[in-house]
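Results of the structural survey
Given next are the chains, with one letter for each unit.
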Amino acid sequence: MPRIPSLILPTSDFEEMLVMSNRRLICVLRAAVLAPGKVERFSPRPPEEHDAYAVQHEPGRIVVRLYVNGQDVFHCCFVPPDKYA
């Protein structure tokens, strides 16, 4: 199985994000990462075309998975800033 590209995003707002709804977390991702003019800053770069999202809360991180035609193609992982030292 191929490795799915992942982007680790340390954020000082992590504690606030822990209590956000999944819908709000996707809005944050779309505004901060996937918006035109912002996506170019990241490596690996999230795919421009995707048709679904899934949010998963894991210990110490929040993972938003991007899907294309039902296939998991990219992960954006929000972590506290101290986890990415």
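Scroll up for the structure.
The structure presented is a predicted model; accordingly, all values stated were derived computationally and were not measured.

Focus: the nonpolar core
If you look at the biggest cluster of nonpolar residues, it comprises 19 residues, and the most contacted ones within it are Leu29 and Phe78. Elements represented by at least two residues in this core include exactly strand S1 (6–10), helix H1 (14–17), helix H2 (22–34), strand S3 (61–68) and strand S4 (71–79). Broken down by element, the residue count for this core peaks at six residues, all from H2. Once you skip the residues sitting within four places of it in the chain, phenylalanine 78 turns out to touch Leu9, Thr11, Phe14, Met17, Leu29, Gly60, Arg61, Ile62 and Val64.

A closer look at the pairing of S3
Of all the eight residues making up S3, six are buried; the element is thus mostly covered by neighbouring parts of the structure. Sheet topology places strand S2 (residues 52–58) next to S3; seven bridges connect them, and they run antiparallel. For tyrosine 53, the partnering residue across the bridge sits in S3 and is leucine 66. In sequence, S2 turns back onto S3 through a hairpin of two residues, with glycine 60 there showing a positive phi of about 80 degrees. Bridge count for S3 against S4 is seven bridges, and the pairing is antiparallel. Within the sheet, the bridge partner assigned to valine 64 lies in S4 and is cysteine 76.

Each value, and the rule that gives it
- Residues numbered from 1 in each chain as written.
- Predicted model: local features only at pLDDT ≥ 70, side-chain atom pairs only at ≥ 80, totals over all residues.
- Heavy atoms only, no water.
- Core = buried A, V, L, I, M, F, W, Y, C linked by side-chain atoms within 4.5 Å.
- Buried < 20%, exposed > 50% of the residue type's maximum accessible area, 1.4 Å probe, protein only.
- Helix = DSSP H or I, 4+ residues; strand = E, 2+ residues; numbered from the N terminus.
- Contact = heavy atoms within 4.5 Å.
- Pairing = 2+ DSSP bridges.

Read these as layout, nothing more, since geometry by itself doesn't imply function.
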